[in-house]
Amino acid sequence: MWKQASMARIVTLLGCLLVMNVAGCAQVMIATPTPINLTIAGATAMQPVLYELTTEFTRQHPNVRFDLRGGGSTLGEERLLAGQIDLAASTLPPPDTSNGPAAGAARLVRIPIGLDGLAVVIHPSNPTSALTMTQLRDLYNGKIIDWAEVGDTSGEVLLVSREDGSGSRVLFERRVMGDEAVSLTAVVMPTSADVVAFVARNPQAIGYVSRAFVLPWLADQPPAATPPADRVRVLPLEGRTPSETNVSDQSYILTQPLFLISRGEPQGQVKAFIDFVLSPAGQTIVRRYHAPVR
C-alpha cells in the first residue's frame, strides 16, 4: 500500500511538472508581431514632419519601420505609381481631370495632412524689408538685377531656385512666375535645406523654401533653444509672412497643401499610419512644422 501511494504521488508530481513545463513553453513561444517596413518618398518639404511622425508611430508600433526618402513630389508620385514605395509625400495639387484622369492617376488616393507656406528668404545682412509679387517675379525673371531697385542696398541679385520635380518649384512658378520663365542665371538646389544653407552664406542671394526650414525666424514661433548655424531672414510677401495663422486661413499667397498619397485605398499599416497622422496626436506634431488640417 505504501509503495502504491508513493508511486501515485510521484506520478502526480511528474504530471504537475509536465503541465508547468508545457505552460512555460507556451509563454516562451508566443509569436511576436511580423516586422513591417514602409517606404515613403517625395517632397523634401515634408521630411522634417515625417521624420517626427514616423518616429512616434514606431515607438507605439515597434514592429513597423520606415524608410524616408526625398527626390521631390513628382518623383515620389511616379515611384508610387510604379509600385516601388508604399506612400508618396507630395505638395503637388491634384491633377486636372476635366479631360479625364491621366494614366494611373485614378489609382492614387490623396490624403491632405497639413498646409505649408513657401517662405521667401534673404541673407540677414540684406536690409530689404518686403517684396510685392510683382517685384519677386521681376527679380526671378531677370528684369531686376540689382537690390537697389527694391531696397536700401545695392549689389547684383543672386537667384536660388529648386530642381525640376520639386513641388515647391511648381507652386512658385505657377503663383509667382505665371507664363514667365525663371532666369537661366538662377542657382538650382535640390532641397529646401540646401537653399537655406546657400542663402545663409551669400549676402546677395534670395531663395524660397518650405516654412518648416525657417521656423526659428518666423515671428509666431518660439525661439529655438539652439539657433541654427545657417541664418536667413524671411521676407514678407504682399505684407504677410507664412505664419501658422496666415497659412491656416490661406491669406498668405504661397500656401500649398501637404499630401500623403497611397496607391488605392490605404490598407493595413499604411492606413494605420495615416489614421495616426490625422489623429489629435499626429496633428499636434504636424503643427510644429506646418498648419494642421484638423
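Residues numbered from 1 in each chain as written. Predicted model: local features only at pLDDT ≥ 70, side-chain atom pairs only at ≥ 80, totals over all residues. Heavy atoms only, no water.

Enquirer: For this particular structure, what's the right way to read the nonpolar core?
Expert: Nonpolar side chains tend toward joint burial in soluble globular proteins. In terms of nonpolar packing, the biggest core is built from 42 residues, with M46, L53, V214 and F273 touching the most fellow members. Per-element accounting of this core gives the leading share, 6 residues, to helix α8 (residues 268–278). Ignoring anything within four residues of it in the chain, the contact list for M46 reads A89, S90, I113, L258, F259 and L260. Counting 25 residues, the second-largest nonpolar core is a separate cluster that includes L139, V182, L235 and Y252. (Core = buried A, V, L, I, M, F, W, Y, C linked by side-chain atoms within 4.5 Å. Buried < 20%, exposed > 50% of the residue type's maximum accessible area, 1.4 Å probe, protein only. Helix = DSSP H or I, 4+ residues; strand = E, 2+ residues; numbered from the N terminus. Contact = heavy atoms within 4.5 Å.)

Enquirer: Sorry if this is basic, but what is going on with the packing of aromatic side chains here?
Expert: The description of an aromatic ring pair rests on the distance of the ring centres and on the angle between the ring planes. Taken as a whole and judged by the stated rule, the model has 7 aromatic pairs. Note on F172 and Y208: the rings are 4.1 Å apart at their centroids and 5° apart in plane angle, and the pair reads as stacked. Within this pair, whereas F172 is found in helix α5 (residues 167–177), its partner Y208 is found in strand β7 (residues 205–210), the two being separated by 36 residues in sequence. Just as F172 is buried, Y208 falls in that class too. One aromatic cluster in this structure is built from F57, F66, F273 and F276. A cation over a ring is seen here: R110 above F259, with NZ or CZ 5.5 Å from the ring centre. (Phe/Tyr/Trp six-rings, centres within 6.5 Å; stacked < 30°, edge-to-face > 60°. Lys NZ or Arg CZ within 6 Å of the ring centre and 35° of its normal.)

Enquirer: Which parts of the structure should I look at to understand unusual backbone geometry?
Expert: Residues other than glycine predominantly adopt negative phi, and peptide bonds predominantly adopt the trans conformation. With a phi angle near 55°, E238 is a residue other than glycine that sits in the positive phi range. Position of E238 relative to the elements: it lies in the loop between β8 (233–235) and α7 (244–248). Judged by its relative accessible area of 45%, E238 falls in the partly exposed class. Of note, the phi angle at Q250 is positive, near 60°, even though the residue is not glycine. Position of Q250 relative to the elements: it lies in the loop between α7 and β9 (255–263). Overall, Q250 belongs to the exposed group, its relative accessible area being 53%.

By themselves, these are just geometric observations and shouldn't be taken as functional.
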